[in-house]
Amino acid sequence: MSSKKILMIVGDYVEDYEAMVPYQMMLMVGHSVDVVSPGKQSGDCVKTAVHDFEGDQTYSEKRGHNFAITADFAQIKSDDYDGLVIPGGRAPEYLRLDKRVIDIVKYFANANKPIAAICHGPQILVSADVLKGKNCTAYIALKPDIEMAGGVFVEPNASASNAVVDGNLVTSPAWPGHPEWMRAFLKLLGSKIEA
C-alpha cells in the first residue's frame with residue numbers, strides 16, 4: 001500500500017470521537033494526516049466535545065479533550081492531498097463561514113478526490129454547494145439542509161452505524177458509523193485492509 005496524504009479540517013468543539021478516531025485510523029494504516037483549523041498553526045489545539053445519545057430529544061454534549069493541530073492552515077495547498085476528512089460536532093456550523101474552507105471542499109469535489117464527512121460535517125458540504133444529486137447521510141437534523149442543497153438524504157439506520165458512498169463522497173450519520181465510514185473512505189483511497 002502506498003501512503004496517502006490526508007487533510008482533516010477541524011475547529012473548536014469538533015466532535016471528539018469523529019476527529020480522534022479517524023485520525024488514529026489513518027495513521028494506523030500508514031497514511032499521513034495534516035490536521036488544520038482556520039487561524040491556527042501547528043502545535044496549537046482545538047477543544048473537542050463528546051456527543052452521546054442518552055434518550056433525550058437530541059444528543060447530549062460534554063467537554064472532550066484537546067486535539068492537536070499538526071499543520072498551518074494558512075500554508076496548506078489542497079493539491080498536496082489525496083483525501084479530505086470533515087468531522088462533525090459544533091465546529092462545522094462556523095467553519096462553513098470561512099471562504100478558504102469552502103474553496104478547499106470545492107477543490108476536492110471538482111478534482112473527484114475522496115471526501116469523508118460525518119454527522120454535522122455535511123453542513124460544510126451544503127455551504128460548498130457540492131451535494132446536488134448526491135446521496136448523502138448525516139445527523140438526522142441536517143436532512144432539510146441536505147435536501148434544500150439538492151442532495152438525496154439517506155436515512156440513518158437505527159444505530160447510526162451506516163455509511164453512504166456516492167462517487168468520491170462517503171458520509172455517515174454519527175460516530176457509531178466509524179467502521180463502515182472509514183472502511184469506505186480507505187477503499188476510495190485505494191488502501192488495502194486485511195479483514
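How each quantity is defined
Residues numbered from 1 in each chain as written. Predicted model: local features only at pLDDT ≥ 70, side-chain atom pairs only at ≥ 80, totals over all residues. Heavy atoms only, no water. Helix = DSSP H or I, 4+ residues; strand = E, 2+ residues; numbered from the N terminus. Buried < 20%, exposed > 50% of the residue type's maximum accessible area, 1.4 Å probe, protein only. Contact = heavy atoms within 4.5 Å. Salt bridge = Lys/Arg side-chain N within 4 Å of Asp/Glu carboxyl O. Expected span 1.5 Å × (residues − 1). Polar contact = N/O pair within 3.5 Å; in protein donor to acceptor, adjacent residues only side chain to side chain. Disulfide = S-S within 2.5 Å. Axes fitted to C-alpha atoms, helices over the stretch in contact; angles between N-to-C directions. Parallel < 35°, antiparallel > 145°, perpendicular 65-115°, else oblique. Left-handed = near helix turned anticlockwise from the far one by under 90°. Nonpolar A, V, L, I, M, F, W, Y, C, P; charged D, E, K, R; others polar. Lys, Arg positive; Asp, Glu negative; His and termini not counted. Pairing = 2+ DSSP bridges.

Caption draft 1: Spatial organisation of the overall build of the protein chain. Scanning the protein chain from terminus to terminus reveals six helices and eleven strands. Residues classed as buried in the protein chain amount to 50% of the 195 residues present. In the protein chain, the share of contacts with a sequence separation of at least 24, taken over all contacts with a separation of at least 6, comes to 66%.

Caption draft 2: Representation of the environment of Tyr-17 in the model. For Tyr-17, the position within the fold is in helix H1 (residues 16-28). Judged by its relative accessible area of 35%, Tyr-17 falls in the partly exposed class. Distance in space between the C-alpha atoms of Tyr-17 and Val-36 is 17 Å, their sequence separation being 19 residues. Tyr-17 has contacts with Pro-22, Trp-175 and His-178, leaving out every residue within four places of it along the chain.

Caption draft 3: Highlighting the pattern of salt bridges. Scanning all chains against the criterion turns up seven salt bridges. For Lys-99, the salt bridge identified is with Asp-103, shortest N-O distance 2.7 Å. Remark: Asp-103 and Lys-99 occur in helix H3 (residues 99-110); sequence separation between them is four residues, near one turn of the helix. Residue classification places Asp-103 among the partly exposed positions, given a relative accessible area of 34%.

Caption draft 4: H1, seen in detail. Taking 1.5 Å as the rise per residue, H1 with 13 residues should run 18 Å; its terminal C-alpha atoms sit 18 Å apart, in good agreement. By the burial criterion, the buried members of H1 are Asp-16, Glu-18, Ala-19, Met-20, Pro-22, Tyr-23 and Met-26. The backbone nitrogen of Tyr-17 lies 2.7 Å from a side-chain oxygen of the residue at the head of H1, namely Glu-15. Within two residues after H1, Gly-30 carries a phi angle of roughly 100°, on the positive side.

Caption draft 5: The state of the cysteines, seen in detail. Counted according to the given criterion, the structure contains zero disulfides. Unpaired in terms of disulfides, Cys-119 finds its nearest cysteine sulfur in Cys-136, a separation of 12 Å. You can call Cys-119 buried: its relative accessible area is 5%. Judged by relative accessible area, which is 0%, Cys-136 ranks as buried.

Caption draft 6: A look at the packing of H1 against helix H6 (residues 178-189). With their axes 11 Å apart at the nearest point, H1 and H6 run at an angle of 45° to one another. By the angle class used here, H1 and H6 are oblique. Judged by the sense of rotation from one axis to the other, the crossing of H1 with H6 is right-handed. Facing H1, whose interface residues are Tyr-17, Glu-18, Val-21, Pro-22, Met-25 and Met-26, H6 presents His-178, Trp-181, Met-182, Phe-185, Leu-186 and Leu-189. Taken together, the residues that form the contact of H1 with H6 break down as ten nonpolar, one polar and one charged.

Caption draft 7: Highlighting H6. Under the 1.5 Å per step criterion, the end-to-end length of H6 is 16 Å for twelve residues, consistent within 8% with the ideal 16 Å. Listed in full, the buried residues belonging to H6 are His-178, Trp-181, Met-182, Ala-184, Phe-185, Leu-186 and Leu-189. Buried residues along H6 sit against strand E1 (5-9), H1, strand E6 (83-86), strand E7 (115-118), strand E10 (164-166) and strand E11 (169-172). One or two steps after H6, the chain reaches Gly-190, where phi turns positive at roughly 90°.

Caption draft 8: Structural detail: the side chain of Lys-113. Here Lys-113 shows up in the loop between H3 and E7. Summary of buried charges: Lys-113 has no salt-bridge partner, and the nearest side chain of opposite charge, Asp-82, is 5.5 Å away. Within the structure, the side chain of Lys-113 is placed 3.0 Å from the side chain of Tyr-107, a separation counted as a polar contact. Beyond its immediate sequence surroundings of up to four residues, Lys-113 is in contact with Ser-78, Asp-79, Tyr-81, Asp-82, Tyr-107, Phe-108 and Asn-168.

Caption draft 9: Structural detail: the pairing of E1. Extensive coverage of E1 is indicated by the burial of four of its five residues. When E1 meets strand E3 (residues 32-36), the two strands line up parallel, connected through five bridges. The partner of Ile-6 across the bridge, within E3, is Val-33. With three bridges connecting them, E1 and E6 associate as parallel partners. Following the sheet pairing, Met-8 is matched in E6 by Val-85.

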